[in-house]
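Residue-level listing of the chains:
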Amino acid sequence: MESHETEPPAAPVVGIIGGGQLARMLAEAASPLGVTVRVLAAQADEGADQVVVDVLRGGPDDPEAIRRLAAAVDVVTIDHENVDWETLGELESNGVAVRPSVTTLRLSDKAHQRSTFASLGLPVPPFAIIDVGDGSAEARKDATSDALSFVDQHADGEGRVVVKASRGGYDGRGVWILDATELRDFLATYDGAPLVLEPLLDLDLELAVLVARNPSGETAVWPVVETVQVDGMCDEVILPADVSPEIQARATDIAIRIATHAGAVGVLAVELFVSGGELIINEIAPRVHNSGHVTIEASATSQFEQHLPRDSRLAARADRAEPPRRCDAQRGRGRSRSAVKAGIRPANCAGCSRPSLRQVAAACPQAGSCHHHRR
């Protein structure tokens, strides 16, 4: 009797540009799923080298290295956005599956991002895009005039504004807080990507929302988390965020709208400010994100599992981002909360049985000698 059974789709080979922490965590999630990972890493001491056998040597801005990786995999994804977009666009036009797409990836350009979100009616702060162009005296004069006009209108009580490089910045890099005199001096020699100027906001707190989306447009969203920043980097994540249901719903809606407009495939992170009780978009990351490390322990599927395609159809799952299970319970404000230091597996303190997190260290009765809470 003739069999009409079909073979299940083969598990894909995923290529990751960049060999840092996120590439390593993607690789760790891939193994149980039967997904093979190849990584393009510039140096042997990057995090992914310790867990990935198949590492190609090359930089994220090296066109030939990116092409070599693409030729050896079924789908290309990223560890960070500071990659060669032009080469990825060329690969896309030749039929290579790039996740996120270059269209999605371009939204990580802060100038393009601000203009796009403003045109969509999404909540963004007042902003100005300042470009020194060819660096000529005339171009710098015009850029300085526009920048100082923005300072006049939007500076804080000390005359300062926030200045962000539209590309190349991360973890607090490429961000400056300057007054008018400092900004004038800065623009006299600056020769990088266009700048985005914004007010220095008085923040209540910061939030993040992660969305998983597949090629057919299905989305799933993890619960809203609060992020605690130290020196421009996400240091702690608090789940659930201590905000009203209305703020949670609004933040989730904003994230879904952005992921849908961007045509995201895989995971996309949206970072938001809460200022004066109102939500304002900070920035997005079209990839897995350090605010989502908590999903490893707290959710039915982690952000890393969701981001990886399951078979050669390259369809990232968006059907199991369920509400979180509790990691470590910390009593606060009359209800149970979970707090996880970004990137660190939670554990109870051996000395005092409290969660081993910096923010509760001061309350540990053995703070001076306790292994987890020693400061």
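In this report, the structure presented in the accompanying data block is examined. (Residues numbered from 1 in each chain as written. Predicted model: local features only at pLDDT ≥ 70, side-chain atom pairs only at ≥ 80, totals over all residues. Heavy atoms only, no water.)

This next bit is on the overall build of the protein. Tallying secondary structure elements over the protein gives 10 helices and 17 strands in all. Long-range contacts, defined here as pairs at least 24 residues apart, represent 57% of the contacts in the protein between residues at least 6 apart. (Helix = DSSP H or I, 4+ residues; strand = E, 2+ residues; numbered from the N terminus. Contact = heavy atoms within 4.5 Å.)

Another aspect to go through is helix α8 (residues 245-262). An ideal rise of 1.5 Å per residue puts 26 Å on 18 residues; α8 measures up with 26 Å between its terminal C-alpha atoms. If you check which residues of α8 are buried, you get I247, A251, I254, A255, I258, A259 and A262. Considered in projection along α8, the buried side chains sweep an arc of 130° and stay on one side of the axis. Facing away from the buried side of α8 by over 90 degrees, the exposed positions are P245 and E246. Its buried side turned inward, α8 meets α4 (102-106), α5 (110-119), β10 (205-213), β14 (266-275) and β15 (278-285). Just downstream of α8 lies G263, where phi reads positive at about 65°. (Expected span 1.5 Å × (residues − 1). Buried < 20%, exposed > 50% of the residue type's maximum accessible area, 1.4 Å probe, protein only. Arc of directions from axis to C-beta.)

Our focus in this paragraph is the packing of helix α6 (residues 137-154) against helix α7 (residues 180-189). Between α6 and α7, the shortest axis-to-axis distance is 10 Å and the interhelical angle comes to 155°. Our classification of the angle between α6 and α7 gives roughly antiparallel. Judged by the twist between their axes, the crossing of α6 over α7 is right-handed. Along its contact with α6, which presents R140, A143, T144, A147, L148 and V151, the element α7 presents A180, L183, R184, L187, A188 and T189. Looking at the contact of α6 with α7 residue by residue, the classes come out as 8 nonpolar, 2 polar and 2 charged. (Axes fitted to C-alpha atoms, helices over the stretch in contact; angles between N-to-C directions. Parallel < 35°, antiparallel > 145°, perpendicular 65-115°, else oblique. Left-handed = near helix turned anticlockwise from the far one by under 90°. Nonpolar A, V, L, I, M, F, W, Y, C, P; charged D, E, K, R; others polar.)

Along strand β4 (residues 75-78), one buried face is formed by V75 and T77 and the opposite face, lined by V76 and I78, is buried too. Examined bridge by bridge, strand β1 (residues 13-17) and β4 share 4 bridges and lie parallel to one another. For I16, the partnering residue across the bridge sits in β4 and is T77. Here 2 bridges tie β4 to strand β5 (residues 97-98), and the two strands are oriented parallel to one another. From the neighbouring strand, V75 faces β5, where its bridge partner is A97. (Pairing = 2+ DSSP bridges.)

With that settled, consider the packing of aromatic side chains. Summed over the entire model, instances satisfying the criterion amount to 3 aromatic pairs. A centroid spacing of 4.8 Å and a plane angle of 50° characterise the contact between W176 and F186, whose relative ring orientation is tilted. Of this pair, W176 sits in strand β8 (residues 175-179) while F186 is found in helix α7, placing the two residues 10 residues apart along the sequence. Residue class for W176 comes out partly exposed when judged on its relative accessible area of 28%. Judged by its relative accessible area of 17%, F186 falls in the buried class. Seen in terms of ring centroids, W176 and Y190 are 6.4 Å apart; in terms of plane orientation they differ by 75°. Their pairing is edge-to-face. Linking W176 in strand β8 with Y190 in the loop between α7 and β9 (195-199), this pair joins segments that are 14 residues apart in sequence. We classify Y190 as buried; its relative accessible area is 13%. (Phe/Tyr/Trp six-rings, centres within 6.5 Å; stacked < 30°, edge-to-face > 60°.)

This part is about the environment of G133. The residue G133 is located in the loop between β6 (128-130) and α6 in this model. Taking the relative accessible area as the measure of exposure, G133 reaches 53% and is therefore exposed. Along the primary structure G133 and G192 are separated by 59 residues, whereas in three dimensions their C-alpha atoms are 9.2 Å apart.

Counted according to the given criterion, the structure contains 3 cavities of 30 Å³ or more. Here the largest cavity defines a volume of roughly 80 Å³. Of all elements in the fold, only β10 and α9 (295-298) reach the threshold of two or more residues within the lining of the largest cavity. Its residues assigned to classes, the lining of the largest cavity shows 9 nonpolar, 4 polar and no charged. (1 Å grid on protein atoms, 1.4 Å probe; cavity = no way out; pocket = protein on both sides within 12 Å on 5 of 7 lines; lining within 4 Å. Points joined across faces, edges and corners; volume = space filled by probe spheres on them.)

Here we come to the sheet that holds β6. Pairing is antiparallel in the open sheet, where 4 strands are placed in the order β6-β9-β7-β8. Across the chains shown, the open sheet's two edge strands, defined by having one partner strand only, are β6 and β8. Across the sheet, the axes of successive neighbouring strands diverge by a mean angle of 30°, strand direction being ignored. In this sheet, β9 lies alongside β6 in antiparallel orientation, the contact comprising 3 bridges.

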